[in-house]
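Spelled out from the first residue to the last, the chains are:
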Amino acid sequence: MSESAGNGESSGGVAGAGQDAEADNEPPHQEPPLLEGGGLEVEDNSEDGVPSCAKRPRMSEDEQGVELVAKPDKMHDETPAAADLLQEEPAQPAQRTVEPLQCEDDGRAGEEVPASGGGEEECHQNGNGEHDPPLGEGEAEVEEEHNGNRSADSPSEGQRLGLDFTQNPQMLTGSWTEYSNFPENYLKGCKWAPDGSCILTNSADNVLRVYNIPPEIYSYNWDLLPEMSPVLRMAEGDTIYDYCWYPKMNSLDADTCFLASSSRDNPVHVWDAFYGEVRASFRPYNHLDELTAAHSLCFSPDGTQLYCGFDKTVRVFYTERPGRDCEERPTVVKKQGQSGIISCFGFSPCQSVYACGSYSRCAGLYSCQDGTLLALLPTRHHGGLTHLLFSPDGNYLYTGGRKDPEILCWDLREPGKVVFSLKRNVATNQRIYFDLDQSGKYLLSGDTEGIVSVWDTQTAPPDGNEELLQPQLRFQAHWDCTNGISMHPFMPLLATSSGQRQFPWPSESEGDSASEGEGGESVMSPQETRQDNAMTLWWAGPLAPPAEGNQEQSTEVVEA
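Residues numbered from 1 in each chain as written. Predicted model: local features only at pLDDT ≥ 70, side-chain atom pairs only at ≥ 80, totals over all residues. Heavy atoms only, no water.

Here we look at the overall build of the protein
Working step 1: The secondary structure content of the protein amounts to 6 helices and 34 strands.
Working step 2: Among the 560 residues that make up the protein, the fraction classed as buried is 59%.
Working step 3: At a minimum sequence separation of 6, the contacts of the protein that also span at least 24 residues come to 61%.
Working step 4: Working note: accessible area of the protein is about 22,900 Å², and carbon and sulfur atoms make up 45% of it. (Helix = DSSP H or I, 4+ residues; strand = E, 2+ residues; numbered from the N terminus. Buried < 20%, exposed > 50% of the residue type's maximum accessible area, 1.4 Å probe, protein only. Contact = heavy atoms within 4.5 Å. Areas by Shrake-Rupley, 256 points an atom, 1.4 Å probe, with all protein chains shown as cover.)

Here it is, written out as C-alpha cells:
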C-alpha cells in the first residue's frame, strides 16, 4: 500500500500544527473496478460468502481543493448505484413513522412508538417485521453478501451479515509500528467509514490516520496479510477532543469524502479524506467573542448539520455554510435542564430526536427541529457520560461513562426505565467506546484490562425487570486498555484500538533496590509489560477452510 500524508500546514487550515507530516498530491486510494451500471466488481465466491475485491474510491484532479464541504444534491442524484450496497439512505427523521415492533423472544414486542411525522417511510424493524427497500441497479448480485445498514435480527438476516460469536474472533492484521515512534502514543478510538471502505483512528500524537482494508481479507489469504500502514495522516495542532465521519460518505463520490475533528484551542476542521487537507472550518465563539473548542461532534443523519457540544450549550452549524454562523441551543434554561459539558451525541434512527450525554452524569433527549428538551434521564451513572448509542429500532438508548463499570440500556418508551445493565471494567477517565451491530442484537465493548465483551441484548429478561446481563463471549484483545471498538457496516470485521496514558511506578526510580531482582537484574514494571498501542482487525465470521488450521492461534478466552 502506498503511504501518503497531509497536515493542516500544507493547506493553510491549521495554525501552529505541532506535527510535521509529509504531504503529496497523489490520491491515497486506488480506483475500483466497476461493473456495468456503476456497481463494484465482486467475484463469485459463494462458498466464503465474502467479496474478494477491495473497494477503493476514485476522484478527479479538478476536485482537489474544494472549498465547500458537501453537495447533498449531487449525492442523491449522481452517486453510483454501488453506493446503495454499502448504506441505506436515511430519510429526514421528521418524516418517518414507526410501526409496532416485532421482536423475537425478548418480551418487548407489540409496543408502539409515537410517530413524529406523517410520511409513509418506515423505520428498521427489530425482528421478522423488517421492511427491506427495493434493490437498486447493480445490487441484486451481491445482496446476499452485502446487506449493509439494514436490520438483521431474523436468522436469515444474521446469516447474511455473517457474525459468529460462538467462537473467538480471529486476529487478522493491524498497525502497531506506526505508533511506536512517539513516546506513549496510545490510541483514542477507531471508526469505520460509513461505506466500509476504510477506517479512521485517533492517537495521542494528535494525528488522525486513515487505513484501507487489505485486499487479502476478501480472499481469505490471511497468512499473507502484512502490517497495515496508513494511506493518510491529518495532524491537528493540539489534543483532539472528538472526530466523526460525514454520514453520507461514499468513496465513489469524492465530494462526500470528508470528516470533522475538534481540538483544543482550534476551530472545528473539516478534512478531505482523499488528500488530508482542510476543506473548511467552523468557528464557534463564546459569549465573550472568544474562539472556543467543541468537546464533541456529530453530523445529523442527513449530513446537513453539524452538532457541537459545549458547556451547557449545543451549537448547530450548517454543513454547506462554513464560518461562525450557527444556531445556539442552551441545555440549561432558567436553571432547569442538563448541566455540564455536552460530551457525546446520538441520533435516533426513527424519530426526529437526538440524545446528549454530559459530564454531569446524565443524558437528555431533544427535538431536532428546535432543540427543545423532551426528557431528562435520571442520574444513574457514577461518572460523566463519554459515549451513547441508539438501538436500530430507536426504542432503546445505551449509555456509558468514565470511571463507571456499567453500560445502561434505557427504554425510551418509558423514559427513566433501565431495561438491563452491562458490566465492564472502566477504571480511568478515558473514553471507552462500545458498538452495536446493524441488527442491534450484539453489543461489544472493551475495558481497561484489554478484554472485549460481547453481549446478546435479545437475551434480556422478558418481564422487563432490570438485571445484570451476562456476556456471551469475552476474549483478550490487547494487553493494555481496549478503548475503541467499531463493527464494519456489512462485513463480519471488528476493529479495536488500544493504549492508555502510563504513569511510572515508584519501583522504576533509580537506585531503588525494589527494582532489582536476583543477581542485580532490573525487574520490568507491570505497566511496561502491559503497554500495547495498536489498531487491530478481527474476523468475527465463520472461518474459511484455509483459515481453519489457524484456529489454535485465535485469542485466549477469558473466563467470565
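Regarding the packing of aromatic side chains
Working step 1: Inspection of the entire model under this criterion finds 13 aromatic pairs.
Working step 2: Aromatic side chains Tyr246 and Phe299 sit 5.6 Å apart centroid to centroid with 85° between the ring planes, which places their arrangement in the edge-to-face category. Placement of Tyr246 in the loop between strand S9 (240–245) and strand S10 (258–263) and of Phe299 in strand S13 (residues 296–299) is noted, with a sequence separation of 53 residues between them.
Working step 3: You can call Tyr246 buried: its relative accessible area is 0%.
Working step 4: Classification of Phe299 by relative accessible area gives buried; the value is 6%.
Working step 5: Linked through ring pairs, Tyr307, Phe345, Phe347, Tyr354 and Tyr366 together constitute an aromatic cluster. (Phe/Tyr/Trp six-rings, centres within 6.5 Å; stacked < 30°, edge-to-face > 60°.)

Some points on the pairing of strand S15 (residues 313–318)
Working step 1: Most of S15 is tucked away, with 5 of its 6 residues classed as buried.
Working step 2: With 6 bridges joining them, strand S14 (residues 305–310) and S15 adopt antiparallel strand pairing. When the sheet's bridge partners are listed, Leu306 is paired in S15 with Phe317.
Working step 3: Bridge analysis of S15 against strand S16 (residues 327–330) gives 4 bridges, and the strand direction is antiparallel. The residue bridging Val314 from the neighbouring strand is Arg329, located in S16. (Pairing = 2+ DSSP bridges.)

Some words on the side chain of Arg209
Working step 1: Looking at the element boundaries, Arg209 is found in strand S7 (residues 207–212).
Working step 2: A distance of 2.8 Å separates polar atoms of two side chains, one belonging to Arg209 and the other to Asp205. (Polar contact = N/O pair within 3.5 Å; in protein donor to acceptor, adjacent residues only side chain to side chain.)

Some remarks on the confidence of the model for the protein
Working step 1: Summing up the model confidence of the protein, the mean pLDDT is 73 and the portion of residues at 70 or higher is 63%.
Working step 2: Contacts for the low-pLDDT stretch residues 1–160, under 50 throughout, to residues beyond four places or in other chains number 374 contacts.
Working step 3: A low-confidence stretch, residues 545–560 (pLDDT under 50), is modelled with 25 contacts involving residues beyond four sequence positions or located in other chains. (pLDDT = per-residue confidence, 0-100.)

Overview of the pattern of salt bridges
Working step 1: Taken as a whole, this structure holds 12 salt bridges when the rule is applied.
Working step 2: A salt bridge links Arg279 to Asp272, with the nearest nitrogen and oxygen atoms 3.1 Å apart. Neither Arg279 nor Asp272 differs from the other in exposure class; each is buried.
Working step 3: A salt bridge links Arg329 to Glu327; its shortest N-O distance comes to 3.0 Å. (Salt bridge = Lys/Arg side-chain N within 4 Å of Asp/Glu carboxyl O.)

Some thoughts on the sheet that holds strand S29 (residues 451–456)
Working step 1: Ordered by their spatial adjacency, 4 strands build an open sheet running S27-S28-S29-S31, and the pairing between neighbours is antiparallel. One side of each edge strand has no neighbouring strand; the edge strands of this open sheet are strand S27 (434–436) and strand S31 (473–476). Between one strand axis and the next, the sheet turns through 15° on average, direction left out of account.
Working step 2: Where S29 meets S31, 4 bridges bridge the pair, whose relative direction is antiparallel. Counted as the bridge partner of Ile451 is Gln476 from S31. (Axes fitted to C-alpha atoms, helices over the stretch in contact; angles between N-to-C directions.)

Details of the environment of Ala294
Working step 1: Structurally, Ala294 is set in the loop between strand S12 (278–282) and S13.
Working step 2: Spatially, the C-alpha atom of Ala294 lies 9.9 Å from that of Ile240, the residues being 54 residues apart in sequence.
Working step 3: The contacts of Ala294, once residues within four sequence positions are left out, are Tyr241, Ser262, Val268, Cys308, Gly309 and Phe310.

Comments concerning the pairing of strand S22 (residues 373–376)
Working step 1: Where strand S21 (residues 363–367) meets S22, 3 bridges bridge the pair, whose relative direction is antiparallel. Note that in S22 the partner of Tyr366 across the bridge is Leu373.
Working step 2: Counting the residues between successive antiparallel strands, the hairpin from S21 to S22 contains 5 residues, one of them, Gly371, with a positive phi of roughly 80°.

Notes on the sheet that holds strand S11 (residues 268–272)
Working step 1: In space, the 4 strands of this open sheet follow the order S9-S10-S11-S12, with antiparallel pairing throughout. In this open sheet, the two edge strands, each paired with only one partner strand, are S9 and S12. Strand-to-strand twist across the sheet, computed as the mean angle between neighbouring axes with direction ignored, equals 20°.
Working step 2: With 4 bridges joining them, S11 and S12 adopt antiparallel strand pairing. The partner of Trp271 across the bridge, within S12, is Val278.

A word on the nonpolar core
Working step 1: Ile217, Trp222, Leu493 and Trp539 are the most contacted members of the largest nonpolar core, which has 22 residues in total.
Working step 2: Among the secondary structure elements, those contributing two or more residues to this core are strand S5 (187–192), strand S33 (493–498) and strand S34 (535–539).
Working step 3: Apart from the residues lying within four places of it in its own chain, the contact partners of Ile217 are Leu172, Trp222, Leu225, Met491, Leu493, Leu537 and Trp539.
Working step 4: Counting 21 residues, the second largest nonpolar core, distinct from the first, contains Ile240, Leu259, Ala273 and Val278. (Core = buried A, V, L, I, M, F, W, Y, C linked by side-chain atoms within 4.5 Å.)

Some thoughts on the environment of Pro542
Working step 1: For Pro542, the position within the fold is in the loop between S34 and helix H6 (545–548).
Working step 2: Taking the C-alpha atoms as reference, Pro542 lies 9.3 Å from Pro169; in sequence the two are 373 residues apart.
Working step 3: The residues touching Pro542, leaving out its near neighbours within four places in the chain, are Gly162, Asp164, Gln167 and Tyr220.

Description of the environment of Pro183
Working step 1: Relative to the helices and strands, Pro183 is located in the loop between strand S4 (170–175) and S5.
Working step 2: With 21 residues separating them in the primary sequence, Pro183 and Ala204 have C-alpha atoms 9.3 Å apart.

Overview of unusual backbone geometry
Working step 1: With a phi angle near 65°, Asn206 is a residue other than glycine that sits in the positive phi range.
Working step 2: Here Asn206 lies in the loop between strand S6 (198–203) and S7.
Working step 3: By relative accessible area, which is 13% here, Asn206 ends up buried.
Working step 4: We note that Lys334 has phi near 55°; this positive angle belongs to a residue other than glycine.

Some words on the side chain of Ser175
Working step 1: With respect to the secondary-structure elements, Ser175 resides in strand S4.
Working step 2: Among the polar contacts listed, one links the side chain of Ser175 to the backbone oxygen of Met228, at a separation of 3.4 Å.
Working step 3: Apart from the residues lying within four places of it in its own chain, the contact partners of Ser175 are Tyr211, Glu227, Met228, Asn533, Ala534 and Met535.

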